[in-house]
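# Coordinate analysis (summary)
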Amino acid sequence: MSTSRHDHAASIENATIEDLGGGLYAYVQPDGGWMINNTGFLVGRDGVTVVDSCSTERRTRAFRAKLAAITPAPVRVLVNTHSHPDHTAGNGLFGEAAIVAHEQTRAELLVKVPPLDSIWEPIDAGSVPPAPPFLTYTSGLTLWIDDLRCEVKHVGMPAHTTNDSILWVPDRSVLYSGDLLFNGGTPFLVSGSVTGAIRVLTEQIAPLGATTIVPGHGPVCGPEVIAGVLGYLRFVLSTAERARAAGLTPLEAARETDLADFAEWTDPERIVGNLHRAYADLGGGPVDVLAALGDMVTYNGGRPLTCLA
Ligand SMILES: [Zn+2]
């Protein structure tokens with residue numbers, strides 16, 4: 001019931017650069033599943049600002065090669081939208097750039113994470129030196145691509161993680177959303193907040209009126225993706241409310257839940273981690289993240305989660 005839906009388009013060769021116009025680009029890696037993220041870059045006269053690195057040495061080098069084919073200008077700034085390794089593990093291959101993020105993004109990257117080999121299929125991470133952001137902010141900053149104003153903003157509360165920032169280009173109506181938005185993949189909230197993500201999307205992201213959105217995973221899209229993600233988050237929350245009242249564990253609740261159309265999205269097993277987080281949001285105490293991840297594997301038939309990074 002819980003097999004991850006992935007196709008083999010996940011090879012690096014199928015990653016594409018999307019020209020959003022006026023020096024703005026998205027780098028889209030299909031199929032957007034575990035550890036296969038999007039990045040972006042903004043090209044000015046004298047330099048490039050990059051939004052996020054990739055999960056492995058191979059993927060980050062491939063991204064840099066495609067970027068270099070667009071412009072010979074140096075990368076001067078790298079903004080991390082949040083601390084997850086698919087968006088930050090390749091930072092060390094941008095040694096020439098100022099690496100910028102919310103201060104909690106840096107703090108999370110300095111925490112030693114236990115090995116998670118039993119949770120995901122093994123990946124070849126390659127060899128990249130750790131490079132946490134060294135220029136940090138608490139609420140946001142304004143970046144300039146020549147005369148183009150770009151607003152980097154922390155969302156102010158836990159959502160996808162504790163440290164999500166967006167990069168918003170008001171004059172172009174382009175939003176680099178990080179993992180606040182997935183397009184065609186199941187959102188993942190275990191290290192953030194389901195209720196917080198609903199608030200952020202309704203109170204901050206939707207009102208921007210973005211016409212073009214570069215989501216953290218999946219194809220470039222328009223604002224319609226926001227309603228889709230909100231629909232899922234509200235489904236998770238209402239499922240958690242009912243199941244918690246019935247005395248079910250998050251894993252039991254997930255097993256009883258019909259994902260309906262959401263089952264078409266990649267990595268549906270994230271429902272288990274999301275329910276753990278929703279229980280906590282509803283007053284159930286802190287989440288044991290390792291236990292939540294372990295429950296996702298159980299839900300997945302005991303198999304490590306599909307990871308094509
Ligand atoms: Zn993430």
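Check the entry above for the structure.
Residues numbered from 1 in each chain as written. Predicted model: local features only at pLDDT ≥ 70, side-chain atom pairs only at ≥ 80, totals over all residues. Heavy atoms only, no water.

## Some thoughts on the overall build of the protein chain
When you go through the protein chain residue by residue, the secondary structure sums to 8 helices and 12 strands. Over its C-alpha atoms the protein chain spans a radius of gyration of 18 Å, differing by no more than 12% from the 19 Å that the globule rule assigns to 309 residues. Once the C-alpha set of the protein chain is aligned to its principal axes, its extents read approximately 60 × 40 × 35 Å. The buried share of the protein chain, taken over its 309 residues, is 56%. Pairs at least 24 residues apart make up 70% of the contacts formed inside the protein chain by residues separated by at least 6 positions. Total accessible area on the protein chain is roughly 12500 Å²; 54% of this is exposed by carbon and sulfur atoms. Each charge sign in the protein chain was given a centre, from 21 positive and 34 negative side chains, and these centres are 3 Å apart. (Helix = DSSP H or I, 4+ residues; strand = E, 2+ residues; numbered from the N terminus. Rg over C-alpha atoms; globule rule 2.2 N^0.38 Å. Buried < 20%, exposed > 50% of the residue type's maximum accessible area, 1.4 Å probe, protein only. Contact = heavy atoms within 4.5 Å. Areas by Shrake-Rupley, 256 points an atom, 1.4 Å probe, with all protein chains shown as cover. Lys, Arg positive; Asp, Glu negative; His and termini not counted. Charge placed at Lys NZ, Arg CZ, Asp CG, Glu CD.)

## Regarding the environment of Pro-74
Relative to the elements of secondary structure, Pro-74 occurs in the loop between α1 (57-70) and β5 (75-79). Between the alpha carbons of Pro-74 and Gly-44 there is a distance of 9.9 Å; along the sequence they are 30 residues apart. The contact partners of Pro-74, leaving out residues within four places of it in the chain, are Asp-46, Gly-47 and Val-48.

## Considering the coordination of the zinc ion
Ligation of the zinc ion by protein atoms is provided by His-82 (NE2), His-84 (ND1), His-160 (NE2) and Asp-179 (OD), these donors lying 2.1 to 2.2 Å from the ion. Relative to the metal, the 4 donor atoms surrounding the zinc ion lie at angles of 85 to 163°, and the coordination shape comes out irregular. Between consecutive donors of the zinc ion, the numbers of intervening residues give the motif H-x1-H-x75-H-x18-D. In this pair, His-84 is assigned in the loop between β5 and α2 (85-88) and His-160 in the loop between β9 (148-154) and β10 (165-169), connecting sequence segments 76 residues apart. We classify His-160 as buried; its relative accessible area is 3%. (Donors = N, O, S within 2.8 Å, 3.2 Å for Na, K, Ca; no water. Tetrahedral: all angles 85-135°; square planar, octahedral: opposite > 155°, others 65-115°.)

## Quick look at the pattern of salt bridges
Enumeration according to the criterion identifies 7 salt bridges in this entry. With its nearest N and O atoms 3.9 Å apart, the salt bridge here joins Asp-146 to Arg-45. Taken as a pair, Asp-146 in the loop between β8 (140-145) and β9 and Arg-45 in the loop between β3 (39-43) and β4 (48-51) lie far apart in primary sequence, 101 residues in all. Given a relative accessible area of 61%, Arg-45 falls into the exposed group. The closest approach of N and O atoms between Glu-151 and Arg-149, which form a salt bridge, is 3.0 Å. Here Glu-151 falls in the buried class, since its relative accessible area comes to 17%. Each of Arg-149, Glu-151 and Lys-153 takes part in a single network of salt bridges with overlapping partners. (Salt bridge = Lys/Arg side-chain N within 4 Å of Asp/Glu carboxyl O.)

## A word on the side chain of Thr-60
With respect to the helices and strands, Thr-60 occurs in helix α1. What Thr-60 contacts, discounting residues up to four positions off in sequence, is Ser-53, Cys-54, Ser-55, Gly-90, Leu-93 and Phe-94.

## A look at the pairing of strand β6 (residues 98-102)
The buried count for β6 comes to 4 of 5 residues, which makes it a mostly enclosed element. Two strands pair when backbone bridges link them, and β5 and β6 are joined in this way by 3 bridges, in the parallel orientation. When the bridges of β6 are listed, Val-77 appears paired with Ala-98. Of the pairings in the sheet, the one linking β6 to strand β7 (residues 135-137) comprises 3 bridges and is parallel in character. (Pairing = 2+ DSSP bridges.)

## What about helix α8 (residues 289-299)?
Listed in full, the buried residues belonging to α8 are Ala-292, Leu-293, Asp-295, Met-296, Val-297 and Tyr-299. Buried positions along α8 lie against α6 (250-256) and α7 (270-284). One side-chain oxygen at the N-terminal end of α8 lies 3.3 Å from the backbone nitrogen of Leu-290; it belongs to Asp-288. Gly-301 lies just past α8 and shows a positive phi near 75°. (Polar contact = N/O pair within 3.5 Å; in protein donor to acceptor, adjacent residues only side chain to side chain.)

## Notes on the pairing of strand β1 (residues 16-21)
Two elements, β1 and strand β2 (residues 24-28), share 5 bridges in a ladder whose sense is antiparallel. Bridging across to β2, Asp-19 finds its partner in Tyr-25. In this structure, the hairpin formed by β1 and β2 is closed by a connection of 2 residues, where Gly-22 is found at a positive phi of approximately 60°.

## A look at the environment of Leu-305
With respect to the secondary-structure elements, Leu-305 resides in the segment after α8. By relative accessible area, which is 0% here, Leu-305 ends up buried. Residues Leu-305 and Asp-267 lie 38 residues apart in sequence; the distance between their C-alpha atoms is 8.2 Å. Filtering out sequence-adjacent residues up to four positions away, Leu-305 remains in contact with Trp-34, Ile-119, Trp-120, Glu-121, Glu-269, Met-296, Val-297 and Asn-300.

## Topic: the environment of His-87
Position of His-87 among the secondary structure elements: in helix α2. Owing to a relative accessible area of 0%, His-87 belongs among the buried residues under this scheme. Apart from residues lying up to four places away in sequence, His-87 is in contact with Asn-37, Asn-38, Asp-52, Ser-53, Asn-80, Thr-81, His-82, Asp-179, Gly-216 and His-217.

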